[in-house]
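Working through the structure, step by step
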Amino acid sequence: ARDSDDRPFFLTISFTQPHSPYTPGQEYWNRYRHDEIDMPTVPEISYEKLDVMSQGLYFAHGRDQHIVTDEHIRNARHGYYGMISCIDDKIGRVMKVLEETGLCDNTIVVFTSDHGEMLGERGMWYKHCFFDFASRVPLIFSDPGHLKARRQSNPVSHVDLLPTFLDLAADGDYGDMPRDLDGRSLTGLLDGADPEWSDTVIADYLAIGPCIPCRMIREGRYKLHYIHGHDPLLYDMEADPDEINNLADDPSLSDVRESLESRLKQDY
């Protein structure tokens, strides 16, 4: 706001909360009643019934070394909610400064997160997996005067952000920037509809726990967890958003499984 340079600015603001350890400080802890903290939607699943990827994370996260009680879970979730409120306040301060400096009317604000948190769902913690509790994150765009308030349910990916930013900043004129990008611009969806949007998202995991290539594809209502060398997981995200009923061996969905596996392995 103090700079006479009238070129557009791009500012990245990164927060560490909400994140483990779940210690929000007393002020934010006190914003929630402990006895009203909800418990996990999906109860703990025994180790023997976990999929191979989750079994690997069981040991990587030290679940074999700890007895986790209901009170531990409630404390963790209480602290996590407090941390979200802390970030809400910090974002509010940023937005207030945009208003005070007269920048709010021509500044696009995007809020997102790099991962979610299992937070006791299925008896699991942290990230590192494809279940929606960990892999589905907020993505909020604010552009006063240009974007109308709406909610889009289409699956999108973080790799779609770069081409979106280029479109918004350069109005499609990339200049010398490469056009062969993995992601796709979200500008059509931001306007409310994009008839060519494929609703296909792919995510990879190659780290602690299973120690084998793992990949996820979400296409429309179905999500497939690919675990190299092991049986996949297939979920109908509309009928089963908590990913409880594995449909990978359902004969009526064999074509869906085959199609998703084929698409998932393209350029892999």
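Okay, so let's go over this structure. Source: prediction; values computed, not measured.

Before going further, it helps to spend a moment on unusual backbone geometry. With an omega dihedral of -10°, the bond running from Gln 17 to Pro 18 counts as a cis peptide bond. Locating Pro 18 in the fold gives a position in the segment before α1 (26–29). In this model, Ser 20 is joined to Pro 21 through a cis peptide bond whose omega is -5°. Following the sequence through the fold, Pro 21 ends up in the segment before α1. A positive phi angle is found at Cys 211, which is not glycine, with a value near 55°. By the secondary structure assignment, Cys 211 is in the loop between β3 (200–205) and β4 (214–219). Given the relative accessible area of 64%, Cys 211 is considered exposed.

Now for the packing of aromatic side chains. Aromatic ring pairs are described here by two measures, namely the spacing of the ring centres and the angle between the planes. This model, assessed by the stated rule, comprises nine aromatic pairs. Where Tyr 22 meets Trp 125, the ring centres are 6.4 Å apart and the plane angle is 40°; that geometry is what we call tilted. Of this pair, Tyr 22 sits in the segment before α1 while Trp 125 sits in the loop between β1 (109–112) and α4 (132–135); the two residues are 103 residues apart in sequence, bridging distant segments of the chain. Considered together, Tyr 22 and Trp 125 belong to a single accessibility category, that of buried residues. The rings of Tyr 22, Tyr 80 and Trp 125 are connected pair by pair, giving a single aromatic cluster. Above the ring of Trp 197, the side-chain terminus of Arg 184 is found at 4.0 Å from the ring centroid.

On to the sheet that holds strand β5 (residues 222–227), then. One open sheet holds the four strands; their spatial order is β3-β4-β5-β6, and the pairing between them is antiparallel. Looking at strand neighbours, the two that pair on one side only are β3 and β6 (233–236), the edges of this open sheet. On average, adjacent strands in this sheet sit at an angle of 10° to one another, irrespective of strand direction. With six bridges connecting them, β3 and β4 associate as antiparallel partners. Looking at β4, one finds that Ala 203 is bridged to Met 216.

Burial along β6 is two-sided: Leu 233 and Tyr 235 facing one way and Leu 234 and Asp 236 facing the other are all buried. Across four bridges, the pairing between β5 and β6 is antiparallel. Among the inter-strand pairings, His 225 is bridged to a residue of β6, identified as Leu 233. Linkage of β5 to β6, two consecutive antiparallel strands, is achieved through a turn of five residues, within which Gly 229 is found at a positive phi near 85°.

Each value, and the rule that gives it
Residues numbered from 1 in each chain as written. Predicted model: local features only at pLDDT ≥ 70, side-chain atom pairs only at ≥ 80, totals over all residues. Heavy atoms only, no water. Helix = DSSP H or I, 4+ residues; strand = E, 2+ residues; numbered from the N terminus. Buried < 20%, exposed > 50% of the residue type's maximum accessible area, 1.4 Å probe, protein only. Phe/Tyr/Trp six-rings, centres within 6.5 Å; stacked < 30°, edge-to-face > 60°. Lys NZ or Arg CZ within 6 Å of the ring centre and 35° of its normal. Pairing = 2+ DSSP bridges. Axes fitted to C-alpha atoms, helices over the stretch in contact; angles between N-to-C directions.

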